[in-house]
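Summary of structural features
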Amino acid sequence: MSDLLIARSLFGTTMGFHIIFATIGVGLPLMMLTAELLYQKTKDQDYVIMAKRWTKAFAVLLGVGIPTGTIAGTQLSLLWPGFMEVIGKVMALPFQIEIYAFFIEALFMSIYVYAAERIPPWMRISSLVFVALGAFASAVLITNVHAFEGTPQGFRIVDGEIVDVDPWAAFFNPSFFVTAGHVALSAYTTGAFVVASVAAFKMLRTPFGTRVYNFHKKALMLSLIIGGVFSFLTALNGHESAQYLHEYQPEKLAAAEGLFETQSYAPLAIGGFTDRETQEVKWGIEIPWALSFLAGNSFDTVVVGLNDFPEEEWPPLFVHTLFNAMVGIGSLLILLSLVAFVWNKFLKKDRFPRFFMWAFVASGPLAVLGIEFGWIFACTGRQPWTIYRVLSTADSVTTAENLGILFILFALIYAVLGVAVVFVMLYYFKKNTVIDDINRAEQKNVPLYGSNT
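The structure presented is a predicted model; accordingly, all values stated were derived computationally and were not measured. (Residues numbered from 1 in each chain as written. Predicted model: local features only at pLDDT ≥ 70, side-chain atom pairs only at ≥ 80, totals over all residues. Heavy atoms only, no water.)

**Focus on the side chain of T151**
Worth spelling out the cut-off: Counting from the N terminus, the helices are DSSP H or I runs at least four residues long and the strands are E runs at least two residues long. Every residue pair with non-hydrogen atoms within 4.5 Å of one another is taken to be in contact.
Position of T151 among the secondary structure elements: in the loop between α5 (121-150) and β1 (156-158). When near neighbours in sequence (up to four residues on either side) are disregarded, T151 contacts N173, P174, S175 and Y248.

Next comes the structure, spelled out in structure tokens:
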């Protein structure tokens, strides 16, 4: 492997691990807030138990998300000095503001965890609102740097020097709102389906109709409703994202769809893989005219093909597979939510078939995979540029060599952290079961949040 490829692999592995905790860390606070609101409205203790248990899981995930995020920030400086030179002069605002967003999230999370039973309901709700807002702001601000990489704005380069810097123009770059929306909506989707996955698994292992079974069923239906709404909104936002690619990064859209020749009435390729030699998508299904409509809301929209660009500026053609996997998973999650809602509310069935339940169990891991595929597609599809048509990845990377040992060591660290998270979660919730929390909630003068083994 070249030093450039090792640097990309090292940082990609860091982000691929960190994004699991970062994404769930944005989505789970919304679930906690929803459960708290339902409890305050209905006084159904099941919802406050959900909020408590999800809060404990969130605290563990936050404990891993913070150091992995710190590692990612350090690697940006050490591995990509050329990139950070531009970011430091033009796009430092998101990093500076993000510190305050994280401070708000951590502060109000502490208030909710340690003082939930000593503060009035409106303060409990307010605390979770600020936790959710802090998590949302952190994700949006960091993602804004990625948006800037795709649509750089707010500066000029004259004779190799950065001049006429406008930080706010760079901050509100053309793809800011679309990218921020996509990240937030997909995080809420993932958080909900991760909860649904756990609830469905617990239902499969619990006798039907018992108190614990009904608790998990409530959690499942709540998460499927929230996940279904946000997965549908993510799909709508994805359509808008494709239109931004058509306008600002046409070769990325062409690579995503395996389109080589510029044409109107362009077909949408679903599945298959892109063959560079024959310049076609093999074994894919083509929907006539659909890509043109996706790109410009008109069937005669002209979509630019890869052959209009120098081949050395083509993104890797495997991004077509990543794009299809992301869209396919998102579509499946929408379908699962819709089927569950119809089955439960309209058909009035009291239990789901077993294959439905296993599909719900798979929904959480699939949602996380969808996030991974989408993130890799977003970053790899911009290659060979770090900052689109401004700074190449090769010019951004460090001149240091012998990065292979670091790559191996960090991969081992992430493996240990991953195993540790699973172990801590399993140990904690084995010691503090649902029935334990139900009993605590039903007893007077016994704290629910503070009494844990």
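**Some thoughts on the pattern of salt bridges**
Condition: Take a side-chain nitrogen of Lys or Arg and a carboxyl oxygen of Asp or Glu: if they are within 4 Å of each other, that pair is a salt bridge. Each residue is assigned to one of three classes by its accessible area relative to the maximum for its type, calculated with a 1.4 Å probe on protein chains only: buried under 20%, partly exposed between the two thresholds, exposed over 50%.
According to the stated counting rule, one finds 14 salt bridges in the structure shown. In this structure, the salt-bridge partner of K218 is D46, at a minimum N-O distance of 3.0 Å. Of this pair, K218 sits in helix α8 (residues 211-248) while D46 is found in helix α2 (residues 45-79), placing the two residues 172 residues apart along the sequence. A relative accessible area of 2% places D46 in the buried class. A salt bridge links R389 to E313; the shortest N-O distance between them is 3.0 Å. With a gap of 76 residues between them, R389 in the loop between β7 (385-387) and β8 (391-392) and E313 in the loop between α10 (290-296) and α11 (319-346) connect regions that are remote in the sequence. Among the residues examined, E313 registers a relative accessible area of 17% and is labelled buried.

**Digging into the confidence of the model for the protein**
Defined as follows: For every residue, the pLDDT score states the predictor's confidence, bounded by 0 at the bottom and 100 at the top.
Summing up the model confidence of the protein, the mean pLDDT is 88 and the portion of residues at 70 or higher is 98%. The least confident element of the protein, judged by mean pLDDT, is helix α15 (residues 434-442) at 82; the most confident is helix α7 (residues 176-204) at 93.

**Some thoughts on unusual backbone geometry**
The peptide bond linking Q383 to P384 adopts the cis configuration, its omega dihedral lying at 10°. Tracing the chain through its elements places P384 in the loop between α12 (354-380) and β7. With a phi angle near 60°, W283 is a residue other than glycine that sits in the positive phi range. Tracing the backbone through its elements, the reader meets W283 in the loop between β5 (280-282) and β6 (285-287). Despite not being glycine, R389 shows a phi value in the positive range, around 60°. In this structure R389 comes out as partly exposed when scored by relative accessible area, which is 39%.

**Comments concerning the packing of aromatic side chains**
The cut-off we apply is this: When two rings of Phe, Tyr or Trp (its six-membered ring) have centres within 6.5 Å they constitute a pair, described as stacked for plane angles under 30 degrees, edge-to-face for angles over 60, and tilted for the intermediate range. Two conditions define a charge sitting above a ring: the NZ of Lys or the CZ of Arg must be within 6 Å of the ring centre, and it must be within 35 degrees of the ring normal.
According to the stated counting rule, one finds 28 aromatic pairs in the structure shown. Members of the aromatic cluster, each reached through a chain of ring pairs, are W168, F171, F172, F176 and F177. Note that K349 overlies the ring of W343, its terminal NZ or CZ placed 5.8 Å from the centroid. Cation over ring: R351 sits above F208, and NZ or CZ is 4.1 Å from the ring centre.

**Observations concerning the nonpolar core**
What counts, and what does not: Throughout this description, the term nonpolar core refers to a set of buried Ala, Val, Leu, Ile, Met, Phe, Trp, Tyr and Cys residues connected via side-chain atoms within 4.5 Å.
The biggest cluster of nonpolar side chains holds 91 residues, and the ones touching the most others in it are L28, W54, L220 and F360. By residue number, the principal contributor to this core is helix α1 (residues 3-42), which donates 16 residues. If we skip the residues at most four places from it in the chain, L220 touches A196, A199, A200, M203, F352, M357 and F360.

**Some words on the packing of α2 against helix α14 (residues 404-431)**
To keep it simple, the criterion reads: Every axis corresponds to a line fitted to the C-alpha atoms, with the helix fit spanning only the stretch in contact, and the corresponding angles, defined between N-to-C directions, vary from 0 to 180 degrees. Every angle not falling under 35 degrees, over 145, or within 65 to 115 is termed oblique; those three ranges are roughly parallel, roughly antiparallel and roughly perpendicular. Polarity classes work like this: nonpolar for Ala, Val, Leu, Ile, Met, Phe, Trp, Tyr, Cys and Pro, charged for Asp, Glu, Lys and Arg, and polar for all others, with Gly in that last group.
Look at α2 against α14: their axes get within 10 Å of each other, and the N-to-C directions meet at 170°. By the angle class used here, α2 and α14 are roughly antiparallel. Residue-level contacts link K52, R53, K56, A57, V60, L61, V64, T68, I71 and Q75 of α2 to F410, Y414, L417, V421, V424, M425, Y428 and F429 of α14. Here the contact of α2 with α14 is built from residues that sort into 13 nonpolar, 2 polar and 3 charged.

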